[in-house]
Amino acid sequence: TGGLQKTSYKTLTDENPFTIPSVKFLHNQSNDLVLDGGLKGNFSSQVSFNAMVKYTKMTNMVLFVNDTATYVNGSDTTVHSNMFNIVYDDGKVFDIHAEVAYRNNEKLTIALAYDYLSYQSTIEKKAWHKPNSEARLMVKYNLKDKIQANVTLLAAGSQYARSFTTDSIPKVVAKKLNGYFDFNLGLEYRYSKVLSFYFNMNNLFFSRYEQWYGYPSEKFNLMGGLTYSF
């Protein structure tokens, strides 16, 4: 198969919230060729599986790079590099996907998924900020539609960011970013059909990692609140 994948400012900031607001020349990604095949089925009435191999050839693949624009303030010129711009490249990706899920009625769902990803870029040295693997463990528990608990364990492999040498004529170098783990827990109490309270704890491993080059994560953060629907 194939087809177009829409690129808009919203799709960019959904993936990378540090994208500059002045992105120009938005082009949709063209998946010129998509070949995939695999197996899906059930080990039992509660356990299912999905195994797939997928190859995609792309035009206008979106890659995020640190913004290197020079800003002039009076007599000072500064390169902040504290936000991200995008570059386009033609590329290929080979994806091996495996997934196992367990469902016990509406109470408990456990899903484990793994992707091995191999990217090839045409112009750029690397496919910037594209990890070479991703793994996800998701557990959802629903107690009588009153209390919902969500546990998520994410793991991403190493990736590369675009950097430059400090020579008089800077050269592009690939900066390797290590892989990372992220462990999150969310709780929601539904007081009524219109009112609920939630509490989320993120990065319970207290790990310090860079999903985006130059933006180390918070070691731990929590957020709570309520939702009310009319």
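Report on the accompanying structure. (Residues numbered from 1 in each chain as written. Predicted model: local features only at pLDDT ≥ 70, side-chain atom pairs only at ≥ 80, totals over all residues. Heavy atoms only, no water.)

### Regarding the side chain of Ser 217
Right, on to step 1. The topology assignment puts Ser 217 in the loop between strand E15 (215–216) and strand E16 (221–228).
Right, on to step 2. Of the polar contacts made by the side chain of Ser 217, one reaches the backbone oxygen of Ser 207; its length is 3.5 Å.
Right, on to step 3. Sequence-distant contacts of Ser 217, defined by excluding residues within four places in its chain, comprise Asn 203, Ser 207, Arg 208 and Tyr 209. (Helix = DSSP H or I, 4+ residues; strand = E, 2+ residues; numbered from the N terminus. Polar contact = N/O pair within 3.5 Å; in protein donor to acceptor, adjacent residues only side chain to side chain. Contact = heavy atoms within 4.5 Å.)

### Considerations on the sheet that holds strand E13 (residues 195–202)
Right, on to step 1. In spatial order, the strands read E1-E2-E3-E6-E7-E8-E9-E12-E13-E16; together these 10 strands make up an open sheet with antiparallel pairing. Of all strands in the sheet, those with a lone pairing partner are strand E1 (3–5) and E16, marking the two edges. Put simply, the sheet's adjacent strands are angled 25° from each other on average, direction ignored.
Right, on to step 2. Strand direction decides the pairing type here: strand E2 (residues 29–42) and strand E3 (residues 47–66), joined by 12 bridges, are antiparallel. The residue of E3 that forms the bridge with Ser 30 is Thr 59. (Pairing = 2+ DSSP bridges. Axes fitted to C-alpha atoms, helices over the stretch in contact; angles between N-to-C directions.)

### Describing the nonpolar core
Right, on to step 1. In terms of nonpolar packing, the biggest core is built from 9 residues, these being Met 58, Met 61, Leu 63, Val 65, Val 87, Val 93, Leu 117, Ala 127 and Trp 128.
Right, on to step 2. Among the secondary structure elements, those contributing two or more residues to this core are E3 and strand E6 (84–104).
Right, on to step 3. With 4 residues, E3 is the single largest residue contributor to this core.
Right, on to step 4. What Trp 128 contacts, discounting residues up to four positions off in sequence, is Leu 63, Phe 64, Val 65, Val 87, Tyr 160, Ala 161, Arg 162, Val 172, Val 173 and Ala 174.
Right, on to step 5. Counting 8 residues, the second-largest nonpolar core is a separate cluster that includes Ile 20, Phe 64, Phe 84 and Trp 212. (Core = buried A, V, L, I, M, F, W, Y, C linked by side-chain atoms within 4.5 Å. Buried < 20%, exposed > 50% of the residue type's maximum accessible area, 1.4 Å probe, protein only.)

### Structural notes on the environment of Arg 162
Right, on to step 1. Looking at the element boundaries, Arg 162 is found in strand E10 (residues 159–164).
Right, on to step 2. Arg 162 gets classed as buried once you look at its relative accessible area, which sits at 15%.
Right, on to step 3. Put simply, Arg 162 and Phe 64 are 98 residues apart on the chain and 8.7 Å apart in space, counted from C-alpha to C-alpha.
Right, on to step 4. In contact with Arg 162, other than residues within four places in its own chain, are Val 65, Asn 66, Thr 68, Val 87, Glu 124, Trp 128, Val 172, Val 173 and Tyr 213.

### Focus on the side chain of Asp 89
Right, on to step 1. Secondary-structure assignment places Asp 89 in strand E6.
Right, on to step 2. Buried charged residue Asp 89 carries no salt bridge. Nearest counter-charge: Arg 162, at 9.8 Å.
Right, on to step 3. Among the polar contacts made by the side chain of Asp 89, one reaches the main-chain amide nitrogen of Ile 123 at a distance of 3.0 Å.
Right, on to step 4. Separated by 2.9 Å, the side chain of Asp 89 and the backbone nitrogen of Glu 124 make a polar contact.
Right, on to step 5. Leave out the neighbours within four places in its chain, and Asp 89 touches Thr 59, Asn 60, Met 61, Leu 63, Ser 121, Thr 122, Ile 123 and Glu 124. (Lys, Arg positive; Asp, Glu negative; His and termini not counted. Salt bridge = Lys/Arg side-chain N within 4 Å of Asp/Glu carboxyl O.)

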